[in-house]
Amino acid sequence: MLNDLEKSHLDEYGYLLLKNMIPTEIVTELRIRSLDIAVSEQASGNGYTYMKDNRAQRVWNLINKGEVFEDAIQHTKMLAAIEYLLGTDCTLSSFTVNILYPGAPDGGLHIDYPLSTLPTPRPNFPLVANSVWFLDDFTLENGSTSCVPSSHHRLNSVPEPGIEYDDEKQICGPAGSVLILNGAVWHGSSENRSDTTRVALLGFFCRSILKPQQDHFKIVSDDVIDRASPTLKRLLGFNSLPNLNT
Ligand SMILES: O=C(O)CCC(=O)C(=O)O
């Protein structure tokens, strides 16, 4: 559960940093596993790299890539924050690793899928929300997520590429912290000017009435679905409003 202070911080600023949420041994396991998969996907030619000089890499569909990720996405306090924003029937939109190798440029401020495709003014209630899991200490140098506090209230505009906003703020914190973002708050990864790799998980959620970014019915294996808890099944969309197929 979130306390009143945490709820009002999310309402007013559009983000909330939950510090030291994940035990060190779990952070270590998630980081090792994330980097192992990233390396093997690159080796097999299926790696999804992006940004200038392929300095960033995503691993998609984590739900299908290890039980440690199935457990992670059901984290009680993280889910409580997401459900506060999106309702208790919200679903997973995508679950990915975002890796910034040394030299990764600024990722650019944006609002999350599919908000920038909507007509304006956008709804003044949250439709999508992200949880950024710090698997490294997030510092001013290594590409910590930045955001423009309270920008989710700007229902008619989106951040302009290349513009530096005076009120942009880098969110730093120790490994094991989880940053909750209303998907409408302007945010993005910053430049990794350090000589180490920054690893984050992105547990991205949407209201149950929206189409998720990834189609979990198609991409998650039967084994995972067979052993899924009721919470995981719900997150994968099994309890969303059914089609009326009469
Ligand atoms: O990796 C990060 O710091 C943030 C990534 C992000 O903003 C996104 O994928 O929407």
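The structure this text deals with has already been given above.
Analysis parameters
- Residues numbered from 1 in each chain as written.
- Predicted model: local features only at pLDDT ≥ 70, side-chain atom pairs only at ≥ 80, totals over all residues.
- Pairing = 2+ DSSP bridges.
- Helix = DSSP H or I, 4+ residues; strand = E, 2+ residues; numbered from the N terminus.
- Axes fitted to C-alpha atoms, helices over the stretch in contact; angles between N-to-C directions.
- Contact = placed C-beta atoms within 7 Å.
- Near = placed C-beta within 6 Å.
- Nonpolar A, V, L, I, M, F, W, Y, C, P; charged D, E, K, R; others polar.
- Buried ≥ 20, exposed ≤ 12 C-beta atoms within 10 Å, placed from the backbone.
- Core = buried A, V, L, I, M, F, W, Y, C linked by C-beta atoms within 7 Å.

1. Notes on the sheet that holds strand β2 (residues 48-50)
Spatial ordering of the open sheet is given by β1-β8-β5-β10-β4-β3-β2, a layout of 7 strands whose pairing is antiparallel. Strand pairing shows two members of the sheet lacking a second neighbour, β1 (15-18) and β2, which therefore form its edges. The mean inter-strand angle of the sheet, taken between neighbouring strand axes irrespective of direction, is 20°. Of the pairings in the sheet, the one linking strand β4 (residues 91-100) to strand β10 (residues 198-206) comprises 9 bridges and is antiparallel in character. Residue pairing for β10: V97 is matched across the bridge by L201. Sitting on the sheet, helix α1 (residues 4-13) touches β1 and β8 (178-182), and the angle it makes with β1 is about 140°.

2. Looking at the site of the ligand
Taken together, N98, G107, D112, N130, V132, T145, H187, G188, S189, A200 and L202 make up the full set of residues adjacent to the ligand. Sorting elements by how many residues they give to the shell around the ligand places strand β9 (residues 187-189) first, with 3 residues. Residues of the shell around the ligand, tallied by class, amount to 3 nonpolar, 7 polar and 1 charged.

3. Here we look at unusual backbone geometry
Cis peptide bonds are those with omega within 30 degrees of zero, and the linkage from Y113 to P114 qualifies with 0°. Positionally, P114 belongs in the loop between β4 and β5 (128-134). The omega torsion of the bond from T120 to P121 falls at -5°, within 30 degrees of zero and hence cis. Residue placement: P121 occurs in the loop between β4 and β5.

4. Focus on the environment of R31
Topologically, R31 is positioned in helix α2 (residues 24-43). C-beta crowding within 10 Å serves as the criterion here: with 20 such atoms nearby, R31 is assigned to the buried category. With 124 residues separating them along the chain, R31 and L155 place their C-alpha atoms 36 Å apart. For R31, the residues in contact, after removing those within four places along its chain, are L135 and V199.

5. Regarding the environment of G173
Along the chain, G173 falls in the loop between β7 (169-170) and β8. On the basis of neighbour counts, which here come to 18 C-beta atoms within 10 Å, the residue G173 falls in the partly exposed class. Separated by 39 residues in sequence, G173 and F134 place their C-alpha atoms 7.9 Å apart. For G173, the contacting residues outside a window of four places in its chain are L17, K19, F134 and F138.

6. Re the nonpolar core
Counting 58 residues, the largest nonpolar core has I82, I180 and F205 as its most contacted members. Setting aside chain neighbours within four positions, we find I180 in contact with L10, Y15, L16, L18, A81, I82, A129 and S131.

7. A short note on the sheet that holds strand β6 (residues 145-147)
Neighbouring strands of a sheet are bound in pairs by backbone hydrogen bonds; such pairs are parallel or else antiparallel. If you walk across this open sheet you meet the 3 strands as β7-β6-β9, and the pairing is antiparallel. Both outer strands of the open sheet, β7 and β9, are each paired with one neighbouring strand and no more. Bridge count for β6 against β7 is 2 bridges, and the pairing is antiparallel. Within the sheet, the bridge partner assigned to S146 lies in β7 and is Q170.

8. Overview of the pairing of β8
For β8, the buried fraction is high: 5 of the 5 residues fall into the buried class. Alternating positions in β8 separate into two faces, V178, I180 and N182 on one and L179 and L181 on the other, with burial throughout. Pairing of β1 with β8, which is carried by 4 bridges, proceeds in the antiparallel orientation. Looking at the pairing, Y15 lines up with L181 of β8. Pairing geometry for β5 and β8, over 5 bridges, is antiparallel.

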